[in-house]
Amino acid sequence: MQLRFNRTNSEIDKMIDDLMEKAGGVHHPEQTREMIIAALKAGQDTSYLADLKLLSNTMKEMRYTTTVFAPYRQKKKVTIFGSARTLPEEEMYKKCISFSRLLADKGYMIITGGGGGIMQAGNEGAGSECSFAANIKLPFEQSANPIMLKNPRLITYKYFFNRKVAFVKESDAIAVFPGGFGTLDEAMEVFTLVQTGKTSPKPLVLVDDEEGYWEHFFRFIKERLLVKGFISAEDFSIFTITKSYEEAVQVIDEFYTNYHSIRFVNGELIIRLTKVLTPEQIEMLENEFPELRLDESRIELISARPEEADEPDLLELPRIAFRFHHQHYGLLIAFIRRLNTF
């Protein structure tokens, strides 16, 4: 039988409905029904066992990820990337401890990869009660660090791609300390996701060492990527480089001074705020960021759209809306920083 995601599967749809009712406690049954249909279709379409194992394990890992993070949805979180080889006596290890401790003092929770080096420093500074660890199974490394070893917020992944989803999806900011291939891979993933709008806007702070690890990176992207036209000048708004852990925390904290979150509804970009903008402030934003608005659309103060009813805890927030030009996500970061000054 050719299964379809719409309700044209006759007795199969009825059997799935009966199964969900029998299981009980199923939230959003239409979405759950589609996942069951997808699993059945995969079983029909795929005869290669390794592919089915990958699909199955991916679903299991993401389900568990959601379960672990769900109770902390209202807490802001910062993901920390950096080398597993940084030693406790090194400057950057100590700087990371101070950085994560200051964030925890301000009410943030910390997400790390759960291993040693910078990851352990991040968990150590925040403390076990304010930490998550998204560990990875590797043949030669890495077991969870002692701070997170028996923590209920430790998740051990088989697949790097699931782990990356957790790092970015669950965070409100990213901090990257110096590191090797893995650290650069994680940082470039965030650059790409923010630049293309595949994740919500969030501060990306590159915490530098005294030798200028990230300054060398900055010169490379300016002299090679920008000059050759591979990136735009506005893409420099995506990140901040600093040697000061206090400034790194300030950059993260100030990003949420007035900005709360975004959502797209019927082609409109809706920006939720913590306080209402005045007409004069909106006019200033329109004059300073004309490139952001598609077809010269205006920035409007609005109430929550009906489509936002699935996020009831956010309905009372003030918001602005306009038709957004999707080639300017770097400029959107600058726009958010500007509205945070009001």
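These numbers were taken from a predicted model, which means no experiment stands behind them.

Some remarks on the overall build of the protein chain
Along the protein chain, the regular secondary structure elements total eleven helices and eleven strands. Over its C-alpha trace the protein chain gives a radius of gyration of 22 Å, about what one expects of a compact globule, namely 20 Å for 342 residues. With respect to the three principal axes, the spread of C-alpha positions in the protein chain is 65 × 55 × 40 Å. A burial count over the protein chain gives 47% of its 342 residues as buried. A sequence separation of at least 24 residues applies to 67% of the contacts in the protein chain between residues at least 6 apart. When the accessible surface of the protein chain is split by element, carbon and sulfur atoms take 55% of a total near 17,900 Å². Separation of charge centres in the protein chain, based on 42 positive and 49 negative side chains, amounts to 4 Å.

A short note on the sheet that holds strand 2 (residues 109-112)
The sheet built from seven strands is open, its strands ordered 4-3-2-1-5-6-7 with parallel pairing. At either end of the open sheet lies a strand with only one pairing partner, and these are strand 4 (154-157) and strand 7 (239-242). Strand after strand, the sheet turns through a mean of 20 degrees between neighbouring axes, direction not considered. Its contacts with the sheet put helix 9 (residues 245-255) on strand 1 (77-81), strand 5 (173-176), strand 6 (204-207) and strand 7, and the angle it makes with strand 6 is roughly 175 degrees.

Focus on the pattern of salt bridges
Inspection of every chain in the model, using the stated rule, returns 19 salt bridges. A salt bridge links Asp 185 to Lys 164, with the nearest nitrogen and oxygen atoms 2.7 Å apart. In this pair, Asp 185 is assigned in helix 7 (residues 181-196) and Lys 164 in helix 6 (residues 160-169), connecting sequence segments 21 residues apart.

Brief notes about the nonpolar core
Leu 204, Ile 271, Leu 332 and Phe 335 are the most contacted members of the largest nonpolar core, which totals 54 residues. Broken down by element, this core gets its largest block of residues, eight residues, from helix 11 (residues 329-339). In this structure Leu 204 touches Ile 174, Val 176, Val 190, Phe 191, Ile 238, Phe 239 and Thr 240, once residues within four positions along its chain are discounted. Phe 99, Tyr 108, Ala 121 and Val 205 belong to the second largest nonpolar core, which has 23 residues in total.

Considering unusual backbone geometry
A positive phi angle, close to 45 degrees, is found at Ser 10, a residue other than glycine. Here Ser 10 lies in the segment before helix 1 (11-23). Phi at Asn 266 is positive, roughly 50 degrees, even though this residue is not glycine. Relative to the elements of secondary structure, Asn 266 occurs in the loop between strand 8 (259-265) and strand 9 (268-273). Asn 266 sits in the exposed class, given a relative accessible area of 62%.

Points about helix 2 (residues 29-45)
The end-to-end C-alpha distance of helix 2 is 24 Å, a good match for the 24 Å that 17 residues give at a rise of 1.5 Å each. Every buried residue of helix 2 is accounted for by Thr 32, Arg 33, Ile 37, Lys 41 and Ala 42. Buried residues along helix 2 sit against helix 1 and helix 3 (49-69).

A look at the packing of helix 10 (residues 279-288) against helix 11
Closest axis-to-axis distance for the helix 10/helix 11 pair is 11 Å, and the angle between their directions is 155 degrees. As far as their axial angle goes, helix 11 and helix 10 are roughly antiparallel. The handedness of the crossing between helix 10 and helix 11 is right-handed. Residues Met 284, Leu 285 and Glu 288 of helix 10 form the contact with helix 11, whose participating residues are Phe 335, Arg 338 and Leu 339. Here the contact of helix 10 with helix 11 is built from residues that sort into four nonpolar, no polar and two charged.

Some details on the layout of surface pockets
Taken as a whole, the largest pocket spans an internal volume of roughly 1,200 Å³. Surrounding the largest pocket, 28 residues form its lining, Arg 73, Lys 169, Glu 170, Asp 172 and Glu 311 being those nearest its centre. At the level of elements, helix 3 and strand 8 are the ones that each hand at least two residues to the lining of the largest pocket. Taken together, the residues of the lining of the largest pocket break down into eight nonpolar, eight polar and twelve charged.

Cut-off values and rules
Residues numbered from 1 in each chain as written. Predicted model: local features only at pLDDT ≥ 70, side-chain atom pairs only at ≥ 80, totals over all residues. Heavy atoms only, no water. Helix = DSSP H or I, 4+ residues; strand = E, 2+ residues; numbered from the N terminus. Rg over C-alpha atoms; globule rule 2.2 N^0.38 Å. Buried < 20%, exposed > 50% of the residue type's maximum accessible area, 1.4 Å probe, protein only. Contact = heavy atoms within 4.5 Å. Areas by Shrake-Rupley, 256 points an atom, 1.4 Å probe, with all protein chains shown as cover. Lys, Arg positive; Asp, Glu negative; His and termini not counted. Charge placed at Lys NZ, Arg CZ, Asp CG, Glu CD. Pairing = 2+ DSSP bridges. Axes fitted to C-alpha atoms, helices over the stretch in contact; angles between N-to-C directions. Salt bridge = Lys/Arg side-chain N within 4 Å of Asp/Glu carboxyl O. Core = buried A, V, L, I, M, F, W, Y, C linked by side-chain atoms within 4.5 Å. Expected span 1.5 Å × (residues − 1). Parallel < 35°, antiparallel > 145°, perpendicular 65-115°, else oblique. Left-handed = near helix turned anticlockwise from the far one by under 90°. Nonpolar A, V, L, I, M, F, W, Y, C, P; charged D, E, K, R; others polar. 1 Å grid on protein atoms, 1.4 Å probe; cavity = no way out; pocket = protein on both sides within 12 Å on 5 of 7 lines; lining within 4 Å. Points joined across faces, edges and corners; volume = space filled by probe spheres on them.

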